[in-house]
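Here is how the chains run, residue by residue.
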Amino acid sequence: MMSDLGPILILSIDGGGTRGVIPAQLLYHLEKEAGINVYDSFDFFAGVSTGATIATYCAQNAGSMEQLANFSYSSENLSHMFNQSIWDRLLGRMQNQPKYDGINKRQYIDDVCQGLHINDIKDKHLLILAYDFIDRELVTFKNNRGHDASYNPSLAEICDASTAAPTLYPTVDSSAPMRRWLIDGSIATNDPSVCAITEALAIGHTFEDLWIISLGTGKPVHDLGQQDRDRIGKASRKWGVVGWLNNGLLDYMMSASSSVSFHQCEQLLGERYLRVDGFLPRKLMQLDNTNPKRVEDLRSYAFLWFEENIKSLRQLLTNVAAVRAETSNSSRVNSLDR
C-alpha cells in the first residue's frame with residue numbers, strides 16, 4: 001500500500017574510481033539525447049565513492065550534465081585528481097603509503113561543493129556512504145535527518161571521505177564533535193541502492209512508493225577460458241597482501257557487494273527497479289587509469305548501455321509520472337470530500 005507521501009524516484013550511483021566516466025556520461029545522454037532533466041526528475045540521490053561526487057553534484061544542482069561528463073570526468077581532470085610525483089611512479093606500492101596524496105582530489109571537490117553543507121540541500125534527499133574503519137561501521141550522511149545532520153558536515157568533507165579508497169588515497173578525519181577516521185564507503189557496499197531503500201522507509205515511505213534507477217560502473221567480461229581461470233586460481237593460493245592488492249582486491253570487493261545489492265533490489269522492487277550496467281574488457285576495469293584513450297573507451301560503453309536501456313528508462317519514468325498523477329488526483333478528491 002502506498003503512503004500519503006506518494007512515489008519517490010531514487011537515483012543510485014555506484015563507486016568505481018575513474019569508471020565514474022560511465023554514470024556521468026549516462027546522465028549526460030539522458031538529458032541530451034532523451035531530453036530528461038536529471039535534477040527535476042529525481043527526488044533522492046544516493047552515491048558512494050565516485051558515485052558520491054556525482055550524486056552530490058546532482059542534488060545541489062551544481063551545473064549541467066554536460067559539464068559533469070565532459071569536464072569533471074575528462075581525462076585531463078581525472079589525471080589532475082589521480083596525480084603522482086616521479087617518486088610515486090617509480091616506487092609504486094613499495095613506498096608503503098597511499099598511491100596519491102588526495103590534494104587535487106579535495107581541491108576539485110571543494111570547487112564543486114562551493115562551501116555548502118549537507119543541510120543546505122533542501123529540495124532533494126541526499127545519501128552519501130563512508131566507512132569508519134576504526135569502529136568498523138557504515139557511516140550514512142543524509143540531509144536533515146540522523147546524527148550526522150546534527151553537526152551538518154560540509155559536502156566537501158563528505159565526498160572526500162566517501163572517495164578515500166584504501167591504498168589509493170589517505171584516510172579522511174571528520175569534523176564531528178567526536179572525530180572519526182573515514183574511508184571509501186565502497187568497503188561496505190559499492191551500490192548504495194539498498195541503503196537508499198532503508199532511508200526512504202525510515203522517512204515514512206512504503207515499499208510501494210519506491211522506484212529506483214541504479215547506475216553501475218561496469219563488471220569484467222567473462223572472457224577467460226578454463227585454462228586461464230585455473231592458472232589464475234592456482235596462483236591466487238600463494239597471494240599474500242601484496243599479491244591480492246596487485247591483482248585488484250579492492251575491485252573484487254566492490255563488484256561482490258554490487259551483485260548482492262542488485263539481487264536484493266530486484267527481488268524487493270521488481271519492475272520499479274532498473275539497473276543500468278554492463279560488461280567491460282578487463283583492461284578497462286582499473287580504478288585509476290586516466291589515459292585519454294581509455295576514457296574515450298569508457299564513454300563509448302556508456303553510450304552503448306544508454307542505447308540498450310533507453311526504452312526501459314523511458315518506461316520507468318513514464319510509469320512514475322503516471323503514479324504521481326494518480327496520487328495527486330486521489331489526494332485532490334479526498335481533500336474535496338472533507
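Each remark here, short or long, concerns the structure printed above.
Keep in mind the model is a prediction, meaning the values are calculated, not measured.

Colleague: Before we move on, can you summarise the overall build of the chain with the specific residues and values?
Modeller: Of regular secondary structure, the chain possesses 14 helices and 10 strands. Counting the 338 residues in the chain, one finds 51% classified as buried. A sequence separation of at least 24 residues applies to 76% of the contacts in the chain between residues at least 6 apart. For the chain, the accessible surface area stands at approximately 16200 Å², while carbon and sulfur atoms represent 52% of it.

Colleague: So what's going on with the side chain of D14? Which residues, and what values?
Modeller: Residue position: D14 is located in the loop between β1 (8-13) and α1 (21-32). A relative accessible area of 2% means that D14 is categorised as buried. Sequence-distant contacts of D14, that is, excluding residues within four places in its chain, are made with V48, T50, G51, N190, D191, P192, S214, L215, G216, T217, S258 and R275.

Colleague: A description of the nonpolar core should follow, citing residues and the corresponding values.
Modeller: Counting 73 residues, the largest nonpolar core has L11, L27, L30, V38, F45, L126 and F141 as the members making the most contacts within it. At 11 residues, helix α14 (residues 292-337) tops the list of elements feeding residues into this core. Discounting residues that sit within four places of it in the chain, L30 has contacts with G35, I36, V38, F42, F306 and L313. Within the second largest apolar cluster, 16 residues are counted, among which are I8, L210, L269 and Y273.

Colleague: Before we move on, could you go through the pairing of strand β3 (residues 125-132) and cite the residues and values that matter?
Modeller: Burial within β3 is extensive, with 7 of its 8 residues counted as buried. Of the pairings in the sheet, the one linking β3 to strand β4 (residues 137-142) comprises 6 bridges and is antiparallel in character. Looking at the pairing, I128 lines up with F141 of β4. Linkage of β3 to β4, two consecutive antiparallel strands, is achieved through a turn of 4 residues, within which R136 is found at a positive phi near 55°. Here β3 runs beside strand β6 (residues 181-184); their pairing, made up of 3 bridges, is antiparallel. Among the inter-strand pairings, A130 is bridged to a residue of β6, identified as D184.

Colleague: Report on the packing of aromatic side chains, specifying residues and quantitative values.
Modeller: Counted according to the given criterion, the structure contains 7 aromatic pairs. When the ring of F42 is compared with that of F45, the centres are 6.1 Å apart and the planes differ by 55°; the resulting orientation is tilted. Taking relative accessible area as the criterion, F45 reaches 0% and is therefore assigned buried. Between Y301 and W305 the ring centres are 6.4 Å apart and the planes differ by 65°, which places this aromatic pair in the edge-to-face class. Taken as a pair, Y301 and W305 lie in helix α14 at a separation of 4 residues, close to a single helical turn. On the basis of relative accessibility, which here comes to 25%, the residue Y301 falls in the partly exposed class.

Colleague: Before we move on, can you summarise unusual backbone geometry with the specific residues and values?
Modeller: At N152, a position not held by glycine, the phi torsion is positive, near 50°. Mapped onto the elements, N152 comes out in the loop between α8 (147-151) and α9 (155-162). Looking at N152, the relative accessible area reads 23%, which means it is partly exposed. Residue T167 is not a glycine yet carries a positive backbone phi of 80°. Tracing the sequence through the fold places T167 in the loop between α9 and β5 (172-173). Classification of T167 by relative accessible area gives partly exposed; the value is 31%.

Colleague: Residue-level account of helix α10 (residues 193-202), with values.
Modeller: Of the positions making up α10, those classed as buried are S193, C195, A196, I197, E199 and A200. Where α10 terminates, the next one or two residues include G204, which has phi positive at roughly 115°.

Colleague: Describe in detail the pattern of salt bridges, supporting the description with residues and values.
Modeller: Taken as a whole and judged by the stated rule, the model has 12 salt bridges. Here D14 ties to R275 by a salt bridge, and the two come within 2.7 Å at their closest N and O atoms. Of this pair, D14 sits in the loop between β1 and α1 while R275 sits in strand β9 (residues 273-276), and the two are 261 residues apart along the sequence. Since its relative accessible area comes to 14%, R275 is described here as buried.

Colleague: Outline α9, listing residues and values.
Modeller: Two residues of an α-helix separated by three or four positions point the same way, owing to the 3.6 residues in each turn. Counting buried residues in α9 gives 8 out of 8 residues, a clear majority hidden from the surface. What α9 keeps buried is the set L155, A156, E157, I158, C159, D160, A161 and S162.

Colleague: Could you give me a rundown of the packing of helix α3 (residues 50-59) against helix α4 (residues 65-72), with the residues and numbers involved?
Modeller: In contact at an axis separation of 11 Å, α3 and α4 are set at 150° when each is read in the N-to-C sense. By the angle between their directions, the pair α3 and α4 is classed as roughly antiparallel. Classified by chirality, the crossing of α4 by α3 is right-handed. Within the contact between the two elements, α3 uses I54, Y57 and C58 and α4 uses M65, Q67 and L68. By residue class, the composition of the contact of α3 with α4 is 5 nonpolar, 1 polar and no charged.

Calculation notes
Residues numbered from 1 in each chain as written. Predicted model: local features only at pLDDT ≥ 70, side-chain atom pairs only at ≥ 80, totals over all residues. Heavy atoms only, no water. Helix = DSSP H or I, 4+ residues; strand = E, 2+ residues; numbered from the N terminus. Buried < 20%, exposed > 50% of the residue type's maximum accessible area, 1.4 Å probe, protein only. Contact = heavy atoms within 4.5 Å. Areas by Shrake-Rupley, 256 points an atom, 1.4 Å probe, with all protein chains shown as cover. Core = buried A, V, L, I, M, F, W, Y, C linked by side-chain atoms within 4.5 Å. Pairing = 2+ DSSP bridges. Phe/Tyr/Trp six-rings, centres within 6.5 Å; stacked < 30°, edge-to-face > 60°. Salt bridge = Lys/Arg side-chain N within 4 Å of Asp/Glu carboxyl O. Axes fitted to C-alpha atoms, helices over the stretch in contact; angles between N-to-C directions. Parallel < 35°, antiparallel > 145°, perpendicular 65-115°, else oblique. Left-handed = near helix turned anticlockwise from the far one by under 90°. Nonpolar A, V, L, I, M, F, W, Y, C, P; charged D, E, K, R; others polar.

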